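The primary structure of each chain is shown beneath.
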Amino acid sequence: MQEEHEIEMVTCSAPVNIAVIKYWGKSCEKKNIPLNSSISLTLNQDHLKATTTVATSKGFESDKVWLNGVKQDVVNNARLQACLNEIRSWARKQAARRKADAKELLKISQKIHIASQNNFPTAAGLASSAAGYAALVFALGQLFSIEGDLTRIARRGSGSACRSMDGGFVEWIAGTDEDDSIAKQFVPEMHWPELRVFIIVVSKKKKDIGSTGGMKNSVETSSLLQYRVSDVVPHRLTAVKTAILEHDFSAFAEICMKESNQLHAVCQDTYPPLLYMNDTSKEIVKLVHKYNDFYGSTRLAYTFDAGPNAFLFTLDPFANEVATILNETFGFNSGDKFFRGLSVKANEPLPYEC
Ligand code: DP6
């Protein structure tokens, strides 16, 4: 008869984040240290999140991972290995410090099973790895009762994941090494309750070149990237923080759009070029500028990550009109197979469901 083993498990969810000041390029690939600091807004809603269950048991023979029900290669996944190694090493150190009992020590030595589910398209430029690694590291932290800043471990999984570990606007401070490259909340969820986000899923297709490979090529070939890191980002970081603190939507929106444009200019300056935006993305850019020009003020802003899908920022009083225009132009909510729009609030409590 087979021996029965106790299974301990924890389930957590983490949302995606939208980068306002973009992370593009690393100073150290192994430790995943970025060339510049970045700022994002964590979406606090149920539509775009990763839900991850981690389990451990004496009966597990190896670490295993399923993503959206499909078993993944664990052994050759260096980032996942880095996260698991870091978590186990932290767990061991902290357990020793608090003189943990034998049962707890045994738990740390056991293998881990991980099952993660995204409720949105994976690897389509919608920050799926950010949500995925944030949920994973958060869940592992709970499983092993780890204390301390886990953002540096999430960063090892995927850089932008460290910003999904907290709500509101979050800054990833570039730092120079393992321990000082961390994410910190800049302002909490409730800071800017009028802010609204629309997500336009232009394509659910997996992108040809992922962010990691794309930014590596940019670092190697784009001279614009070097100028951006040294001369542009530092000013924009300061300016966007002021705009956020002062609820200055016009200033915020302008920086947001210029950041997106520069990211994609760097991508075009990469050799061979990285073409993440498609014709529909460009139509969205034109529509946003036309809308703002019509009112003679900035009411709507776009930003695109490494994919064609658009994130739009607006304010509460304009949200209904924006929704109507997007609906009329792109037909979202109308059952069209290419477009789906989600209007989400940016000011609800964090959906970490532990
Ligand atoms: C364009 O965090 O996916 O979304 O650290 O290599 O996993 P890795 O990259 P990743 O890159 C995100 C790039 C971006 C901009 C951003 O989120 O800041």
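Above this note sits the structure.
Cut-off values and rules
Residues numbered from 1 in each chain as written. Predicted model: local features only at pLDDT ≥ 70, side-chain atom pairs only at ≥ 80, totals over all residues. Heavy atoms only, no water. Phe/Tyr/Trp six-rings, centres within 6.5 Å; stacked < 30°, edge-to-face > 60°. Lys NZ or Arg CZ within 6 Å of the ring centre and 35° of its normal. Pairing = 2+ DSSP bridges. Helix = DSSP H or I, 4+ residues; strand = E, 2+ residues; numbered from the N terminus. Axes fitted to C-alpha atoms, helices over the stretch in contact; angles between N-to-C directions. Contact = heavy atoms within 4.5 Å. Buried < 20%, exposed > 50% of the residue type's maximum accessible area, 1.4 Å probe, protein only. Arc of directions from axis to C-beta. Near = heavy atom within 4 Å. Polar contact = N/O pair within 3.5 Å; in protein donor to acceptor, adjacent residues only side chain to side chain. Areas by Shrake-Rupley, 256 points an atom, 1.4 Å probe, with all protein chains shown as cover. Salt bridge = Lys/Arg side-chain N within 4 Å of Asp/Glu carboxyl O. Expected span 1.5 Å × (residues − 1).

By the definition in use, this model includes ten aromatic pairs. Here Tyr-302 and Phe-304 contribute two aromatic rings whose centre-to-centre distance is 6.0 Å and whose plane-to-plane angle is 45°, an arrangement assigned as tilted. Each member of the aromatic cluster is reached from another via a ring pair, and the members are Phe-169, Trp-192, Phe-249, Phe-252 and Phe-313. Seen from the ring of Tyr-295, Arg-299 lies directly overhead, with NZ or CZ sitting 3.6 Å from the centre.

Taken in spatial order, the five strands of this open sheet run S1-S6-S9-S7-S8, and their pairing is mixed. Every interior strand has two partners, whereas the edge strands, strand S1 (7-15) and strand S8 (70-72), have only one. With strand direction ignored, the average angle separating the axes of adjacent strands in the sheet is 20°. As defined by bridge partners, S1 adjoins strand S6 (residues 49-57) across nine bridges and the pair is classed as antiparallel. Note that in S6 the partner of Val-10 across the bridge is Val-54. Lying on the sheet, helix H1 (residues 78-97) is in contact with strand S7 (64-67) and strand S9 (111-118); it crosses S9 at an angle near 125°.

It is worth spelling out helix H5 (residues 211-221) at this point. Every buried residue belonging to H5 is among Gly-214, Met-215 and Ser-218, and all of these are buried. Buried residues of H5 fall within an arc of 90° about the axis and therefore sit on the same side. Summarising the contacts, the buried residues of H5 are in contact with strand S3 (26-28), helix H6 (223-245) and helix H7 (249-269).

A separate point is unusual backbone geometry. Keep in mind that most residues, glycine aside, have a negative phi and that most peptide bonds are trans. A cis amide bond links Tyr-271 with the next residue in sequence, Pro-272, at an omega value of -5°. In this fold, Pro-272 is placed in the loop between H7 and helix H8 (279-295). Phi is positive for Asn-32, which is not a glycine, with a value near 55°. With respect to the helices, strands and loops of the structure, Asn-32 is situated in the loop between S3 and strand S4 (33-34). Accessibility expressed as a relative area gives 2% for Asn-32, which makes it buried. Although it is not a glycine, Ser-145 adopts a positive phi angle of roughly 50°.

Let us now look at the site of the ligand. Surrounding the ligand, one finds 18 residues, the nearest of these being Tyr-23, Lys-26, Ser-158, Gly-159 and Ser-160. Here an oxygen atom of the ligand sits 2.5 Å away from a polar atom, N or O, in the side chain of Tyr-23. At a separation of 2.8 Å, an oxygen atom of the ligand approaches a polar side-chain atom of Arg-163. In isolation the ligand offers 460 Å² of accessible surface; the protein chains occlude 94% of this area. Looking at which element gives the most residues to the shell around the ligand, the answer is H5, with three residues.

Another aspect to go through is the side chain of Arg-196. Along the polypeptide, Arg-196 turns up in strand S12 (residues 195-200). A relative accessible area of 9% means that Arg-196 is categorised as buried. Of note is the side chain of Arg-196, whose polar atom sits 3.2 Å from the side chain of Asp-316.

What follows concerns the pattern of salt bridges. In total, this model carries 16 salt bridges according to the counting rule given. The partner of Asp-63 in a salt bridge is Arg-88, with the nearest N and O atoms 2.8 Å apart. Of this pair, Asp-63 sits in the loop between S6 and S7 while Arg-88 sits in helix H1, placing them 25 residues apart in sequence. Since its relative accessible area comes to 17%, Asp-63 is described here as buried. A residue is classified by how much of its surface remains accessible, and Arg-88, at 10% relative accessible area, is buried.

The next thing to look at is H6. Across its 23 residues, H6 extends 33 Å between first and last C-alpha, which sits within 8% of the 33 Å expected from 1.5 Å per residue. Those residues of H6 not exposed but buried are Leu-225, Arg-228, Val-229, Val-232, Val-233, Arg-236, Leu-237, Val-240, Ala-243 and Ile-244. Among the structural elements, strand S2 (17-21), strand S5 (38-42), strand S10 (168-173), strand S11 (182-187), H5 and H7 are those in contact with the buried residues of H6. Between the side-chain oxygen of the N-cap and the backbone nitrogen of Leu-224 there are 3.3 Å, and the N-cap of H6 in question is Ser-222.

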